[in-house]
Amino acid sequence: MNLYLLGPELSLIGLAFLVILVDLATHNKNVVAALAGIGLVVPAAWAVSLWGQTASSFYGALVVDSYSIFFKLLFIAAAALVILMSVQYSKRFAPYQGEYYAVILLATAGMMFMASTQELISIYISLELASISLYVLASFLKDAKSSEAGIKYLLLGAVSSAVLLYGMALLYGATGSTKLNEIAQAIQESMQRDQGAVLPAIVLGAIFMAGGFGFKIAAVPFQMWAPDVYEGAPTPITGFLTGASKAAGFAVILRVFFVALGNQAPLPVDWPALFAVLSALTMTVGNLSAIPQANIKRMLAYSSIAHAGFILVGVAAFSSQGVGGVAYYLLGYMFTSMGAFAAIVAISERLGSDQIADYSGLARRAPLLALILAICLISLIGLPPTVGFVAKIYVFWAALQQGLLWLVLFGVLNSVISAYYYLRVVKAMYLGAPASEEPLPVSRTLVVALAVAVIAVLAIGIFPQPWLDFGTGAAIVLIP
Amino acid sequence: MPSIPPIPIEMVAAIFFLPLVSLLLITFVTRTAPKISGYLTITTIGLSFILSLWTFQTMTTMPGKHLGGVFNWIVIGETDLQLGIYVDGLTSIMLLVVTSVSLLVQIYSTAYLHGDPGYSRFFAYMSLFTASMLGVVLADNLLMIFIFWELVGVCSYLLIGFWFQKPEAAAAAKKAFVVTRFGDLGFLMAILLLFSRTGTLDFQHLFEIVDSPEKAAVLGGGLLTWAAIGIFSGAVGKSAQFPLHVWLPDAMEGPTPVSALIHAATMVAAGVYLVARSFPLFEQAPQALFTVAVIGTITAFVGASMGLVMHDFKRVLAYSTISQLGLMMMGLGVGGVVAGIFHLFNHAFFKAMMFLCAGSAHHATHTYDIRKMGGLARYMPITFSAMMIGGLSISGIFPFSGFWSKDEILGEALGNGYNISYIFALITAFMTAFYMFRLTFVAFLGEYRGGEHAEGERWSGSPGHHSLHESPAAMAIPLIVLAIPSVVSGFANMNGDFARFLGEAGVVKLHWDVIFTSTTVALLGILTAYLFYVAKVIPVETVARTFPHIHGFLLNKYYMDDLYGWIVEKLYLGICHLLDLFDQYVVDGVVNGIASLTTASGGVIRRLESGQVQGYALVIFVGLVAIVGGFLVFGG
């Protein structure tokens, strides 16, 4: 048992408690935010120092490899951006900022565990750590919509957890193990023994687990909660849900399905086909529902569903390029959606509205803010020179390699449809008449968040190669 | 003398990045401090110029070789897209031309645009243009060239329309952008064709493929010819070749420094550069090369003939530019790469100088109409001298630079059996000498006719009119500096050095018959202009009245604009009208059908998205059951 390997998570949890303690001692909540934000350097540095190792701990339940470290760094970056976005925003729920930051850190720790586990029970527990923290965060505003969001998220999350646990139980019952690699071996052996026949419990278990994880990533038909929760939650948390929580869901899906159910030949369950169908459904439903939305948070909620569909294209490709593409896509999408939500936070702080109609003429009142939001939206469409472009090209290409032409055609068609509703916002900002000429100032911490996000969107998009290498380096763990 | 080390490739890359830095700094920092913006641009381009000199020096030590650097941009499986730099003699000459002319034009602009509200914006655009143009020159593959090619197009659009409040400027910018787009379409198709057949856009790879008979089979069946013609069509648009030349005269609506840099010395020469850069492709496609020669000849002739009758200082120069670009293309087409590029090199300096003269004259008189000028020589000796040098150079009078390169082009045409091109080029030379000296004589000799206030009547003020003066130093010095290469740059190839530098055989043939003929023709042209406009032995109006049809034909620019107007109005809009009917009754019908279907299904989805938690949970379970059902039906 090597606690050193758990350093990033443990230091993060320690940081969360420290934040609560300091919060008790001071009335200056900016100090708390600064502590939470700067404190992230410790787990980040720790995670970087573990880069290149492959080691496991807790009897093989937890593993440290390039795949998990990739995601850990992604979550830490997301947490840092959320904290930057929240400094001003969190005044709305004063004096509880300390708890707010602490819960964000705990949620991050949960996600980091999710990326690191290879055992069903630990997966479930870390998923619950992340989820319960997020239920709390979603209802933090305590107004009608936010409370509704928290309750809905909690109830439906519980339903999905039940589904997930049922799937895990079935898989355990059929194979006698909760460890992913042992499950894989047990399935392999039973298939050899029974001339390729697969126990129905395994198929059912796989489907239920796909359902449970599908809820986390908001894939159709498990997406119904997303718009309500995304709209009602505090906006920085909405960014966190789309950028980090979704990535955590994908991190688990990839590991569970590739390690436990992807190492046999032939596959016991044709889950790539399942994900391909879910992918097509998800992007189509997400995009079509986004079109009529008037509230930008709700629109981006549906957009986030659609993006889950695009990312699933890479999962369905079931290849190392596919996994690399998913990792790169998640990284890029995290920065893009964080940037977009940071811009929304900045705008709603001044306008007090999230209605797209109120964005009219924004380019004249806040030219830089409008430009950043436009760049993020362009990245969401998937146009160069942004990260969204390379990400889409890469997952589509991975799918083409596996002969999934129909899915790629679906994806391209959906990208074109999606341009309509994103560009509607850009059009309003640049061509609409402003309600007043008064400029909109942006608070300093938000400027930092916006700058980091937009620079990442452009830099990772213009110089994609090191990041693609980073992503494929993570993918090698799953597909040697 | 201590030897200078060869330039590292990072420094070559810096030539491109420096103006980009100035663009970013102006946009984000110094936008509100115009003076600093100007100096910033001058400094960065000056540094680029110094680095270009270093590149040039390095290349002289290694004739026929090249420098290169490649950066893997993105690797997708086997296909990797690379960004790379390719520097050979041709590149380093173009670098010198672009950075030196750009530097002088920026210095000139600080005075020319003094006090303009868009001063910072101007220098930001100019920085972007210079960077993009350097990108075209440095790129080692067609895709990169295409990207920068479009970027210089955008800059040209922005700068022609710099004074966008003027409707003519806005219209001219749009026209330039749209017309060149036609050529770029062919260019893009050529790129796609080459990539789909060979899998590479890298010049060296492409050249290897077309040079080896086995590999060239992938481009057999005339595909190579089509690819080359496609590339050439891009050049036709950008270099204002017939029949896409119509945008260049209108582009004169932009500020004069822009005309000098973009529409005389660099961007319009990019087409010539592109053909020269991809010349190995053309060499293997004789029909394409023949097309280049024919289009070049027509352009040279047509451009010069229209220059005969224009009254606007800058428009005369614009038609002259078209004509000279045609001459360069003709040079390439008849097989003389060195001759064509040599003429590009010489032309860049003297034509930029003449445009700056136009700006200088305008600075004093506030008009571009030469009929309202006159007698400027007395007040603006520097501008007048520069105009004379430019005129002698473009007419091809010994020892000015134009003499040497024009002689080479004519010699190549005659030597390679393009007799018709040769004859047309001689006629062009006559017309060139005529219109250029017509311009100089009318604007600079005789009596001053009052500038912008003349309005047709004779100006009757005192001859020592106080508003007439030589331009400030920032404008005059670039004229003087540009005059130097206009006189001496022709000697660069006297021993074949220039040719050897380009990696060609440096054999210099002095074509005495050509020299004699072309010089005679040019002198005749100058003499005719003298008789018409100074000695006034032959009354101009009489000639115009004697040949009213030809005069009108030229004055109306061969009715090309009217033809295009007619095509757009009658043919194109007619087709549009038909399509509109189709759209209204067929497409809209289908779309409306789909729309009502979507609305209906949206209603269904909305009912699902009711906010009812029980309903949502139900969907999850129904979904799961459906998936299990799917597996049961289709098998796991």
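Residue positions are given per chain, counting from 1 as you read along its sequence in written order. Key to labels: chains lettered from A, ligands numbered from 1, both in the order written. At least 70 in pLDDT is required for a residue's local features to be given in this predicted model, at least 80 for side-chain atom pairs to be given and counted, and no such filter applies to totals for whole chains, interfaces and linings, which use all residues. Side-chain measures were taken over the full set of non-hydrogen atoms in the model, leaving aside hydrogen atoms and water.

Draft legend 1. Layout of the overall build of chain B. Counting its secondary structure elements, chain B contains 26 helices and two strands. Only C-alpha atoms enter the radius of gyration; for comparison, a globular chain is expected to reach 2.2 Å times N to the power 0.38, where N is the number of residues. Taking 2.2 N^0.38 as the reference for a compact globule, 636 residues should give roughly 26 Å; the C-alpha atoms of chain B span a radius of gyration of 28 Å, in line with that estimate. Dimensions of chain B, computed from the C-alpha atoms along their principal axes, are close to 100 × 60 × 50 Å. Partly exposed residues are those whose accessible area sits between 20% and 50% of the maximum for their type, while under 20% is buried and over 50% is exposed, using a 1.4 Å probe and protein chains only. For chain B, with 636 residues in total, the buried portion stands at 55%. Within chain B, counting contacts between residues at least 6 apart in sequence, those at least 24 apart form 79% of the total. Accessible surface, chain B: about 26,700 Å² in total, of which carbon and sulfur atoms supply 70%. His is not counted, nor are the chain ends; Lys and Arg add positive charge and Asp and Glu add negative charge. To locate a charge, the coordinates of NZ of Lys, CZ of Arg, CG of Asp or CD of Glu are taken. Of note, chain B has its 30 positive side-chain charges centred 7 Å away from the centre of its 37 negative side-chain charges. Counting from the N terminus, the helices are DSSP H or I runs at least four residues long and the strands are E runs at least two residues long. Two residues form a contact once any of their heavy atoms are found within 4.5 Å. In short, Shrake-Rupley with a 1.4 Å probe defines the accessible areas, and a residue's cover is counted only from the protein chains shown.

Draft legend 2. Inspection of the overall build of chain A at higher detail. If you tally the helices and strands in chain A, you get 20 helices and two strands. Against the 2.2 N^0.38 benchmark of 23 Å for 480 residues, chain A shows a C-alpha radius of gyration of 21 Å, consistent with a compact globule. Within the span of chain A, comprising 480 residues, buried residues form 64% of the whole. For chain A, contacts bridging at least 24 residues in sequence account for 80% of all contacts bridging at least 6. Separation between the mean location of the 21 positive side-chain charges and that of the 20 negative ones in chain A comes to 8 Å.

Draft legend 3. Spotlight on the packing of helix α3 (residues 89-112) of chain B against helix α10 (residues 256-265) of chain B. All names here are of chain B. Axis lines are fitted through C-alpha atoms, for helices just across the contact stretch, and the angle between N-to-C directions can take any value from 0 to 180 degrees. Running from amino to carboxyl end, α3 crosses α10 at an angle of 165°, the nearest separation of the two axes being 9 Å. In terms of orientation, α3 lies roughly antiparallel with respect to α10. In this structure, α3 meets α10 at a crossing whose hand is right-handed. Here Val97, Val101, Ser102, Val105, Gln106, Tyr108, Ser109 and Tyr112 of α3 come into contact with α10, specifically with Thr256, Pro257, Ala260, Leu261 and Ala265. Within the contact of α3 with α10, the residues separate by chemical class into nine nonpolar, four polar and no charged. An angle below 35 degrees is treated as roughly parallel, one above 145 as roughly antiparallel, one from 65 to 115 as roughly perpendicular, and anything else as oblique. For a crossing to be left-handed, the near helix must be turned anticlockwise from the far one by less than a right angle; the clockwise case is right-handed. Classification used: nonpolar for Ala, Val, Leu, Ile, Met, Phe, Trp, Tyr, Cys and Pro, charged for Asp, Glu, Lys and Arg, polar for all others including Gly.

Draft legend 4. Quick peek at helix α20 (residues 473-488) of chain B. All names here are of chain B. Residue count minus one, scaled by 1.5 Å, sets the expected span of a helix. For α20, spanning 16 residues, the distance from its first C-alpha to its last is 23 Å, which sits close to the expected 22 Å at 1.5 Å a residue. What α20 keeps buried is the set Met475, Ala476, Pro478, Leu479, Leu482, Ala483, Pro485 and Ser486. In this fold, the buried residues of α20 make contact with α3, α15 (337-365), α17 (381-395) and α18 (401-415).

Draft legend 5. Geometry of unusual backbone geometry. The residue after B:Phe242, namely B:Pro243, is reached through a cis peptide bond having omega 5°. On the secondary structure map, B:Pro243 appears in the loop between α8 (223-238) and α9 (247-250). Going from B:Phe398 to B:Pro399, the amide bond is cis rather than trans, its omega being 0°. Position of B:Pro399 among the secondary structure elements: in the loop between α17 and α18. Positioned with a positive phi, A:Ala218 is a non-glycine residue whose angle comes to about 60°. Within the secondary structure, A:Ala218 sits in the loop between α9 (200-217) and α10 (225-232).

Draft legend 6. Region of the structure containing the interface of chain B and chain A. In this complex, chain B contributes 24 residues to the contact, which on the side of chain A involves 35 residues. One speaks of a salt bridge when a side-chain nitrogen belonging to Lys or Arg is within 4 Å of a carboxyl oxygen belonging to Asp or Glu. Our count for the chain B to chain A interface comes out at zero salt bridges. Counted as a polar contact is a pair of N or O atoms within 3.5 Å, where, for protein atoms, one must be capable of donating a hydrogen and the other of accepting one, and residues adjacent in sequence contribute only when both atoms are in side chains. On the surface where chain B and chain A come into contact, there are one residue pair in polar contact (both at pLDDT 80 or more). Looking at the side of chain B that touches chain A, the elements with two or more residues in it are β1 (67-76), α25 (560-608) and α26 (613-634) of chain B. A per-element tally of the side of chain B that touches chain A places α26(B) first, with 11 residues. Split by residue class, the side of chain B that touches chain A holds 18 nonpolar, five polar and one charged.

Draft legend 7. Examining the packing of aromatic side chains more closely. Ring pairs are drawn from Phe, Tyr and Trp, using the six-membered ring of Trp, whenever the two centres fall within 6.5 Å, and their geometry is named by plane angle: stacked under 30 degrees, edge-to-face over 60, tilted for the rest. Evaluated as defined, the whole model comprises 54 aromatic pairs over all chains. Plain terms: the ring middles of B:Phe342 and B:Phe498 are 4.7 Å apart, the flat faces sit at 45° to each other, and that makes the pair tilted. Taken together, the residues span a long stretch of sequence, with B:Phe342 in helix α15 and B:Phe498 in helix α21 (residues 497-501) at a distance of 156 residues. The pair formed by B:Phe342 and B:Phe498 is uniform in burial state, with each residue classed as buried. Each member of the aromatic cluster is reached from another via a ring pair, and the members are A:Trp51, A:Tyr67, A:Phe70, A:Phe71, A:Phe75, A:Trp467 and A:Phe470. Looking at A:Arg92, its charged tip hangs above the ring of A:Tyr89, at a distance of 4.0 Å from the centre. Two conditions define a charge sitting above a ring: the NZ of Lys or the CZ of Arg must be within 6 Å of the ring centre, and it must be within 35 degrees of the ring normal.

Draft legend 8. Expanded view of the confidence of the model for chain B. Residue and element names in this part refer to chain B. Residue-level confidence of the predictor, termed pLDDT, takes values from 0 up to 100. This prediction gives chain B a mean pLDDT of 83; 92% of its residues lie at or above 70. The secondary structure element of chain B with the lowest average pLDDT is β1, at 72, and the one with the highest is helix α14 (residues 313-333), at 91. Here residues 454-465 scores under 50 on pLDDT; set against residues more than four positions off or in separate chains, the count is 13 contacts. Across the interface, the model reports ipTM at 0.85; the global pTM reads 0.71.

Draft legend 9. Molecular detail of the layout of surface pockets. Residues and elements named next belong to chain B. Think of a 1 Å grid over the protein atoms and nothing else: a 1.4 Å probe that fits but is trapped marks a cavity, an open set flanked by protein within 12 Å on at least five of seven lines marks a pocket, and residues with an atom within 4 Å of a point count as lining. Grid points are joined across faces, edges and corners, and a volume is the space filled by probe spheres set on the points. Of the pockets and cavities examined, the second largest pocket occupies roughly 1,100 Å³. Taken together, 31 residues form the lining of the second largest pocket, with Arg438, Phe532, Tyr533, Val540 and Glu541 sitting closest to its centre. Elements with a contribution of two residues or more to the lining of the second largest pocket: α19 (419-444), α22 (512-533), α23 (540-546) and α24 (548-555). The element contributing the most residues to the lining of the second largest pocket is α19, with six residues. Along the lines of polarity and charge, the residues of the lining of the second largest pocket split into 20 nonpolar, four polar and seven charged.

Draft legend 10. Main features of helix α5 (residues 142-160) of chain B. Taking 1.5 Å per residue, 19 residues should reach 27 Å; α5(B) reaches 26 Å between its end C-alpha atoms and fits that length. For α5(B), the capping residue at the N-terminal end is B:Asn141, with a side-chain oxygen 3.1 Å from the backbone nitrogen of B:Leu143.

Draft legend 11. Spotlight on the nonpolar core. In terms of nonpolar packing, the biggest core is built from 190 residues, with A:Phe75, A:Tyr101, A:Phe213, A:Phe240, A:Phe257 and A:Phe275 touching the most fellow members. For this core, the element with the highest residue contribution is helix α14 (residues 320-351) of chain A, accounting for 19 residues. With 184 residues, the next largest nonpolar core counts B:Val136, B:Phe207, B:Phe232 and B:Met436 among its residues. Within this scheme, the nonpolar core is defined by two criteria: the residues are buried Ala, Val, Leu, Ile, Met, Phe, Trp, Tyr or Cys, and they are joined through side-chain atoms within 4.5 Å.

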